[in-house]
Each structure stands twice: as C-alpha cells, then as structure tokens.
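Structure assessment
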Amino acid sequence: MTIVSLLYLLVGVSPIWFGVRLIQHRRLYKDLPKPPHSFLWGHLKLFSDVMKLFPSNTALSVFYTTIARKYELRDIFYLDLWPFGPPQMVLIAPNAADQVTVVKTYPLHDEVPRFVGSLLGDKSLPAADGEMWKKLHRMIAPGFRPSSLRQMMPVTAEQTVKIFLPALTAYASTGEAFSMEKVAAQLIFSIISKMVIGGSLSKQNQSQMLYDIDRILDYAQSIAVASGTNPVKRWTKWWRKRQAVQRIDHFLCSFIEKRRLAHSGGYFDSSQGTSILDHMISEMNSQNPGKLDMSSVQVLIDNIKALLVGGYGTTTDTLCFIFIMLSFHPNVMARIRREHSQVFSADLVKTQEILQTTPNKTTELLYTTAVIKETLRLFPAGFSARKTKPGIDTLQYKGKSYPASNQMIIPCTHAIHFDPEVFPQPSSFDPERFLEPNKVPRDAWRPFERGARACLGQELAMEELRIVLLLTVRNFDLECATVEARKMPRAPFTDLDLLMGDLAFQEMALSAKPRGGAMMKVTFAI
Ligand code: HEM
C-alpha cells in the first residue's frame, strides 16, 4: 500500500472512529445525574454558555456552582466535556465531598501533579501521592506545630507594623488608588518566608523572589485559562516561568547548603526560631547523616518553593477579599473595630504590647475570626481534584453506587459554600452565622479542605490574618477603586455583583484570586 492510499484510508476511517467513540462516550452518561445533556455536544455547549455569563478568567468553581443552582442538582453530578476535557464528577454536598477527602483519601487526579509539578516541582507535597506524600508529610508537618505558630505571632505583628502600616499610611496621605494585592503580597511574603526558611531575606533577594514567583503565577494563570490564549504569549510566559524557577532553585540551593552546614557543624542558632526548612534538614540528617545528596536537595527546594508560593498566594488573596468585604460593609467594620478595642485596646501601641505579653488573646477575637471565615466561605482560594484508587470503580453515597473510575472527582467547596440549604442566604456577607454554635455544620465550611490532605498552613493563615486585621483596620477606612455594580445579577446563585460588580467573581490563577489586583483607596479613619 502506498503512502497516499494509506492517507486516504486514514482520512476515511477517522470520522468513523470519532463517531463510534462519540456514541460510546455519550452513552455512558445516560442514567447519571447531570445537567441537560446533548448527544452531539455532551456538556460542551452548556459549559461554554455558562462561561460566557462571567467576565474573562473567572475561576472554574464559579461555573460548577452556577450549573448546580441553575439545574437544581443535588449531592453529585457529572459533566461530559469530551473530547476537550476529562470526564468530571462534581461533589456538591458536604458529606459527598467527605467521602473522597475524609472517609477515604482518594489520590490526586493526574492533572494536579502535572499542573503543580510543572510550576513547583514534582517532588513537592501538593504534587505527591502515596508513600512519597506520607514521607514528605512526616517531614513538613512538624514545622506547623503550635509551638512553631506561636513563634510566628511576633513576626507577623512586627512585619505588619514595619511594612504594611507605612505603605497604607503613604497611600492614605496621597489618596491614590493602588493594588492591595501587591501591597499585601509584600507583607504576607515576608511573614511566610520567615516561617518557611527562617532568618530574613535581604530586600533585594525578597523582591527578586517575589518577581520570580509572580512569573510562575502568571504562567499558572495562562495554562489554567487555556481558552483564547495567544500561543506566542503563552510560550513567552512559559519561558519566563522557566527562568524564574531556575533563579529560585539556584538561590534556594545555596541557601539550603549554608543552613545544612550550620546544622551539621553544630553552629545552627535556634534562638531565632526553627523554620520549616530547619525541621526538614534535621529530619533528613537524622535519617541519613552526612552530606545531602542531590535528590534530597531537590526535595527541599521543591517543597520550600511550594510552601512559599502556595502559602503566600492564598493568604494574600484572602486578606484582599477581607478588605474588600469590609469596604462594602461599614457595620461589620465598626463591629470588628469595637472588638479590637474591647479585647485588646483602642490604642495601637498598647495593642502591640498586649500582643507581645499575651499572644493567646487572639483566640478571644471571635468576631474577627467570624469575618475571616465568612470571607473564606464566599471566596475559597483553593481547589482540589481526585481520582479513584486502581481497582475501585464506584463511589458509594447515600446507598447509591456512582461510577467513578476515570473521572476527575471534584469536591466543589465553592458550590457547597453557596448551598442555601447549608448556608441560608448564601450570597449575603454575614459573619454572625459563624458565631452561633452548631449553626454551620462542621463538614460544610471547607476552604482548607478536610481530611489527611487538608491544608497544613490553615492555623498559620488564620492567625496571621487575625493579627494583620487587629493592627490595621482601626486606622483606615477602605474603598474599592474600580467597581461597577451590576443592575442584574450575572448568575443564579449570587447577587453579590449588584453590590461589588465583577469583584464578586474570583479570577483564576494558581489560587482563585481577587480581580484586577484588588484596586483600592484608603483614608485615615476618624
Ligand atoms: C487562607 C489561606 C489558605 C488557603 C485558603 C489554603 C487552602 C488550601 C487547600 C484548599 C488545600 C488543598 C487540600 C486538598 O487538596 O485537599 C491546601 C493544601 C496545602 N496548603 Fe494551604 N491554604 C492556605 C494557606 C496556606 C499556608 C499559609 C501554607 C504554608 C505556608 C499552606 C500550605 C499548604 C500545604 C503544604 C498544602 C498541601 C497539603 C497536602 O497535600 O498534604 N497553605 N491549602
């Protein structure tokens, strides 16, 4: 057979092969719970119509919530995006999500290590599974013990006063609009970097690292929002990300070597506190004394990078959203300030002193904690995707058996957080719901996910946010700089956009972040 006739044959057979695959595939969805399904399009057209409701780059979870509410789906539904996306099984009830995170720890879906690994390294905890995950978890988790967190409280207070307050004061003096995301990022990175690698980075190293992390996040956004991305732009972003990763790896490699030498030479100074990196080096030294081999150094680099990038992005996003919500809710702002005066002091210097002598007092900031929780309910920054273990084909839920093999299983926190049966009037910002005991079911609030793979940094993030709020909101009134409130809501599940325009819809990046860099103005509070 000549090459030409082979080509003819291929061209002739391809549509038949495609048609057979299409029929086989679409049939799989026949009896499954799902939104309206087309034999030709599956859910492709429906999904694209939902995407069109929202501004560009909207976070994926917003689409799942829209579909769940619009088609009144309960518990579990399926999405058929073949041939452009993996088959998806979306869990939208707390107890359904718990089946894959708490009751059993399902492995990560293959897309997660591929995506996270390409950004942070495939030896990082968020990209690892099975024995590798267990080993890394044992090495990293001790760095998040309560004693390590206590160590971070004075650091958080000091950095807030040193970095954040002067920046906000300068903007309040000029009245100019600025990106809260950029300013908050400087603060949060300086705190997280101390917790993760210890000591302090020089100003130059810190700004270089923040620049490089932004290149990584920029690339993450370009692959997360695949549609409409110009391939040249995408390649440029990939190239910049590659160089950024090389620079970070290079910097961390020599940083780690110096720290390792300090440990093995017996001159490591623990009076400044023990960072997560120090915990990891000690653990590696105890298992395998002597020089670290290259693969152990890469494990350290990948995980330090993952903690810096993951911890800093999500916490910055959340801080921005808290400020945004406070700017729209003066009554909440007044109450949070009252709590700060009552539990600590109306005076900032006195507050800092109390924080130093009685750090545990932050646990009395119940309303502040409720404000943080309510913000995380409306704007959960993380996303998780799982798959079944080999040999397990179904997920059992409420006595029913759901086909689960080959599915991307998504415990959809956003949809759960907007379920009116779990959170009445879900789109209203109501911190009070977290003050009444047992009003929010334990498994329903899950911005840090739940189970063995839940966020290791959750206590750290909550404590950081409490302290930053305690030391800032008394001094400033906040306003969002570019808001065009909508006259009609974009989506059936929320009317938040009638108040805050498109800021209501998180933007897709590595985490789901505030739109447009969270442009704000601040004035001095009277
Ligand atoms: C408000 C801030 C934060 C949010 C909303 C958040 C959310 C999340 C979520 C949803 C996960 C995924 C869990 C899963 O796949 O099931 C996660 C994992 C993780 N987070 Fe966070 N996170 C935050 C802050 C931090 C901080 C400050 C750190 C550390 C510096 C951190 C370290 C981690 C780690 C190491 C994992 C991986 C855990 C594992 O795979 O075992 N996070 N986070």
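Look above for the structure.
Here's a quick rundown of the structure. (Residues numbered from 1 in each chain as written. Predicted model: local features only at pLDDT ≥ 70, side-chain atom pairs only at ≥ 80, totals over all residues. Heavy atoms only, no water.)

Taken together, Val13, Trp17 and Phe18 make up a surface patch of nonpolar side chains, about 310 Å² in accessible area. When you line up the elements, Trp17 lands in helix α1 (residues 3-27). (Patch = residues over 30% accessible without salt bridge, like charges linked within 9 Å, V, L, I, M, F, W, Y side chains within 5 Å. Areas by Shrake-Rupley, 256 points an atom, 1.4 Å probe, with all protein chains shown as cover. Salt bridge = Lys/Arg side-chain N within 4 Å of Asp/Glu carboxyl O. Helix = DSSP H or I, 4+ residues; strand = E, 2+ residues; numbered from the N terminus.)

The next thing to look at is the pairing of strand β5 (residues 400-403). Two elements, strand β4 (residues 394-397) and β5, share four bridges in a ladder whose sense is antiparallel. Along β5, the bridge assignment pairs Tyr397 with Lys400. Where β4 folds back on β5, the antiparallel hairpin that results is connected by two residues, among which Lys398 adopts a positive phi of roughly 50 degrees. (Pairing = 2+ DSSP bridges.)

This part covers the coordination of the iron atom of the ligand. Just one protein ligand coordinates the iron atom of the ligand, and it is Cys455 (SG) at 2.3 Å. Within the element layout of this structure, Cys455 appears in the loop between α16 (413-417) and α17 (458-472). (Donors = N, O, S within 2.8 Å, 3.2 Å for Na, K, Ca; no water.)

What follows concerns the layout of surface pockets. Looking at the second largest pocket, its volume works out to about 500 Å³. In this structure, the second largest pocket is lined by 24 residues; those nearest its centre are Lys373, Phe434, Val440, Arg442 and Trp445. Counting residues per element, the ones that place at least two in the lining of the second largest pocket are α15 (366-378) and α17. By residue number, the principal contributor to the lining of the second largest pocket is α15, which donates four residues. (1 Å grid on protein atoms, 1.4 Å probe; cavity = no way out; pocket = protein on both sides within 12 Å on 5 of 7 lines; lining within 4 Å. Points joined across faces, edges and corners; volume = space filled by probe spheres on them.)

So, about the nonpolar core. Among the nonpolar cores identified, the biggest contains 143 residues, and Phe164, Met180, Leu319, Phe323, Ile324 and Met500 are the most heavily contacted of them. What Ile324 contacts, discounting residues up to four positions off in sequence, is Cys480, Met500, Leu503, Pro514, Ala518 and Met520. Counting 15 residues, the second-largest nonpolar core is a separate cluster that includes Met89, Ala96, Leu395 and Ile409. (Core = buried A, V, L, I, M, F, W, Y, C linked by side-chain atoms within 4.5 Å. Buried < 20%, exposed > 50% of the residue type's maximum accessible area, 1.4 Å probe, protein only. Contact = heavy atoms within 4.5 Å.)

If you walk across this open sheet you meet the three strands as β1-β2-β6, and the pairing is mixed. The two strands at the open ends of the sheet, each matched to only one other strand, are β1 (76-79) and β6 (408-411). The average undirected angle you get between the axes of adjacent strands in this sheet is 20 degrees. Two elements, β1 and strand β2 (residues 88-91), share four bridges in a ladder whose sense is antiparallel. In the strand pairing of β2, Phe77 is matched with Val90. (Axes fitted to C-alpha atoms, helices over the stretch in contact; angles between N-to-C directions.)

Attention now moves to the packing of aromatic side chains. Taken as a whole and judged by the stated rule, the model has 18 aromatic pairs. Between Phe423 and Phe434, the ring centres sit 6.5 Å apart and the planes meet at 40 degrees, which makes this aromatic pair tilted. Placement of Phe423 in the loop between α16 and α17 and of Phe434 in the loop between α16 and α17 is noted, with a sequence separation of eleven residues between them. Residue Phe434 is classed as buried on the basis of its relative accessible area of 16%. Ring-pair connections join several aromatic residues into one group, and the members of that group are Phe47, Phe54, Phe63, Tyr64 and Phe505. (Phe/Tyr/Trp six-rings, centres within 6.5 Å; stacked < 30°, edge-to-face > 60°.)

This brings us to the side chain of Asp302. Looking at the element boundaries, Asp302 is found in helix α12 (residues 294-328). Polar contacts involving the side chain of Asp302 include one to the main-chain amide nitrogen of Lys123, which spans 3.1 Å. Setting aside residues up to four positions removed in sequence, Asp302 forms contacts with Leu120, Gly121, Asp122, Lys123 and Ser124. (Polar contact = N/O pair within 3.5 Å; in protein donor to acceptor, adjacent residues only side chain to side chain.)

Note that the residue after Trp82, namely Pro83, is joined by a cis bond; omega there is 10 degrees. Inspection of the secondary structure puts Pro83 in the loop between β1 and β2. Of note in the backbone geometry, Glu72 takes a positive phi value of approximately 45 degrees without being a glycine. Within the chain, Gln425 stands out as a residue other than glycine whose phi angle is a positive 45 degrees. For Gln425, the position within the fold is in the loop between α16 and α17.

Looking now at the sheet that holds strand β3 (residues 178-179). The antiparallel open sheet is built from three strands, whose spatial order is β3-β10-β7. With one partner strand each, in any of the chains shown, β3 and β7 (476-480) form the two edges of the open sheet. Here β7 pairs with strand β10 (residues 519-524) via five bridges, running antiparallel. Note that in β10 the partner of Phe476 across the bridge is Phe524. Along the sheet, α12 contacts β7 and β10; its crossing angle with β7, the most-contacted strand, is approximately 95 degrees.

Structurally, Leu79 is set in strand β1. Considered as a pair, Leu79 and Pro36 are 43 residues apart in the sequence and their alpha carbons are 9.9 Å apart. Beyond its immediate chain neighbours, meaning those up to four positions away, Leu79 contacts Tyr29, Pro35, His43, Phe47, Tyr64, Ile67, Pro87 and Gln88.

Where helix α8 (residues 180-197) contacts helix α9 (residues 203-224), the two axes come as close as 11 Å, and the packing angle between them is 110 degrees. Here α9 runs roughly perpendicular to α8, going by the angle between their axes. Classified by chirality, the crossing of α9 by α8 is right-handed. Side by side, α8 and α9 meet where Ala185, Gln186, Phe189 and Ser190 of the first sit next to Gln206, Met209, Leu210 and Ile213 of the second. Split by residue class, the contact of α8 with α9 holds five nonpolar, three polar and no charged. (Parallel < 35°, antiparallel > 145°, perpendicular 65-115°, else oblique. Left-handed = near helix turned anticlockwise from the far one by under 90°. Nonpolar A, V, L, I, M, F, W, Y, C, P; charged D, E, K, R; others polar.)

What follows covers the environment of Asp477. The residue Asp477 is located in strand β7 in this model. Measuring from C-alpha to C-alpha, the distance between Asp477 and Glu507 comes to 25 Å, with 30 residues separating the pair along the chain. Among the polar contacts made by the side chain of Asp477, one reaches the side chain of Arg337 at a distance of 2.8 Å.

With that settled, the discussion passes to the site of the ligand. Around the ligand sit 24 residues, and of these Trp133, Ser384, Arg386, Arg453 and Cys455 come closest. Measuring from an oxygen atom of the ligand, one finds a side-chain N or O atom of Ser384 at 3.1 Å. Arg386 places a side-chain nitrogen or oxygen 2.4 Å from an oxygen atom of the ligand. Elements represented by at least two residues in the shell around the ligand include exactly α6 (130-140), α12 and α17. Per element, the largest residue contribution to the shell around the ligand is five residues, and it comes from α12. Considering only residue class, the shell around the ligand consists of 13 nonpolar, eight polar and three charged. (Near = heavy atom within 4 Å.)

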